[in-house]
Amino acid sequence: MRLSWSAVCGLWLLAGCSDVLVLQLQTGPQAFDVSADGLAIPDALRGADGQIASVPCGPMGVCPTDAAVPITCEAGFCDPAPRTLSFPLGDVVDFDVLASGGRVLLRHIDAIEIVEGAYSVSVNSMTVPLPETELFWGPEGASDVDPAMGVVRIGTVPSIAAMTTVDGQLALDAAGVSLLSDYLVNTSRRIRFFARTQVDLEPGQPVPAGALSASVNLRVRITGTVLR
């Protein structure tokens, strides 16, 4: 993914001669890709019609499986177990760098708030829908979606239908946004973003194929005092 900060969207001085400054910025599109390669199923479950075959489990409940592709016996048929896909969104994001994009140096930052977020799906050849995707933020040292590393959910991208491109608004998590604001002001300006979704394939669905390209764009409000 390429991470590029956009130009300042708005810049206002408050209350006449006050040194208080509010910057309205956008992060710019932060892209991520999802591929059906991570949803492979055993050949024994690939039907000739391009769908996941309905293979009876038999009286012993035995299904073709391996360590990478768990298959369970559900309601008498072999059913691929839900698969979790998680991935980082780019590199470390430095909010001091973002603030300096306004070409005005701040002596002190009082607040950093995520105001809203949007998503855009530009390419989608996936033959199966992508369920709701959770978005997370974490400290600079975090490497995965793990609460033990301080990673916190910040919002969600709604389910995306197969073979469909769409734009929309993120559903932000108020608690996660508040924790992020506190962290950015009081602990560190440098964080990482992550995404996670879980795909549950079932017999009768199309065999997973294709790929999806999407991006997330966050609008940020930074309040501080001007360096003179």
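Definitions and cut-offs
- Residues numbered from 1 in each chain as written.
- Predicted model: local features only at pLDDT ≥ 70, side-chain atom pairs only at ≥ 80, totals over all residues.
- Heavy atoms only, no water.
- 1 Å grid on protein atoms, 1.4 Å probe; cavity = no way out; pocket = protein on both sides within 12 Å on 5 of 7 lines; lining within 4 Å.
- Points joined across faces, edges and corners; volume = space filled by probe spheres on them.
- Nonpolar A, V, L, I, M, F, W, Y, C, P; charged D, E, K, R; others polar.
- Pairing = 2+ DSSP bridges.
- Helix = DSSP H or I, 4+ residues; strand = E, 2+ residues; numbered from the N terminus.
- Buried < 20%, exposed > 50% of the residue type's maximum accessible area, 1.4 Å probe, protein only.
- Contact = heavy atoms within 4.5 Å.
- Disulfide = S-S within 2.5 Å.
- Expected span 1.5 Å × (residues − 1).
- Arc of directions from axis to C-beta.

A. Molecular detail of empty space enclosed by the protein. Enumeration over the complete set of coordinates arrives at one cavity of 30 Å³ or more. Size it by volume and the largest cavity reaches roughly 70 Å³. If you go around the largest cavity, the residues you meet are Q30, L89, L135, I154, L170, L172, F193, V216 and L218. The residue inventory of the lining of the largest cavity, partitioned by class, reads eight nonpolar, one polar and no charged.

B. The sheet that holds strand β9 (residues 152–157), seen in detail. The five strands lie next to each other as β6-β12-β8-β9-β11, forming an open sheet whose pairing is antiparallel. Strands at the two margins of the open sheet, each flanked by one partner only, are β6 (83–94) and β11 (171–172). Strand direction decides the pairing type here: strand β8 (residues 133–139) and β9, joined by five bridges, are antiparallel. Directly across from E134, in β9, lies its bridge partner T156.

C. Structural context of the side chain of T156. Examined against the element boundaries, T156 turns out to sit in strand β9. A residue is classified by how much of its surface remains accessible, and T156, at 9% relative accessible area, is buried. Ignoring sequence-local partners within four residues, the contact set of T156 consists of E132, T133, E134, L135, L170 and A171.

D. Representation of the state of the cysteines in the model. For the structure shown, the criterion picks out two disulfides. There is a disulfide in this structure between C57 and C73, and the S-S distance comes to 2.2 Å. Looking along the S-S bond of the C57-C73 disulfide, the torsion reads about 115 degrees, which is the right-handed sense. Of this pair, C57 sits in the loop between β3 (30–35) and β4 (71–74) while C73 sits in strand β4, placing them 16 residues apart in sequence. The exposure class assigned to C73 is partly exposed, which follows from its relative accessible area of 33%. Disulfide partner of C63: C78, at an S-S distance of 2.2 Å. The sign of the -95 degrees torsion about the S-S bond sets the C63-C78 disulfide as left-handed. Pair noted here: C63 is in the loop between β3 and β4 and C78 is in strand β5 (residues 77–80), with a separation of 15 residues, a long-range link. The pair formed by C63 and C78 is uniform in burial state, with each residue classed as buried.

E. Expanded view of helix α2 (residues 174–186). Here α2 is 13 residues long and its end C-alpha atoms lie 18 Å apart, about the 18 Å a rise of 1.5 Å per residue gives. Within α2, the full set of buried residues consists of G176, V177, L180, S181, Y183 and L184. Down the axis of α2, the buried side of the element spans an arc of 165 degrees, and every buried residue falls inside it. Facing away from the buried surface of α2 by more than 90 degrees, the exposed residues are A174 and N186.

F. Summary view of the environment of V185. One can find V185 in helix α2. When the C-alpha positions of V185 and I112 are compared, they lie 6.6 Å apart, and in sequence the two are 73 residues distant. If near-sequence neighbours (up to four positions away) are discounted, V185 is found in contact with I109, D110, A111 and I112.

G. A look at the environment of I160. Note on placement: I160 falls in the loop between β9 and β10 (167–169). Exposure remark for I160: the relative accessible area of 3% places this residue in the buried category. Placed 30 residues apart in sequence, I160 and L130 show a C-alpha to C-alpha distance of 5.1 Å. In this structure, I160 is in contact with V121, N124, P129, L130 and L212, ignoring residues within four places of it in sequence.

H. Examining the pairing of β5 more closely. One ladder, built from four bridges, connects β4 with β5; its direction is antiparallel. Across the sheet, the residue bridging to C73 is C78, located in β5. Between the antiparallel neighbours β4 and β5 lie two residues, among them A75 with a positive phi of about 55 degrees.

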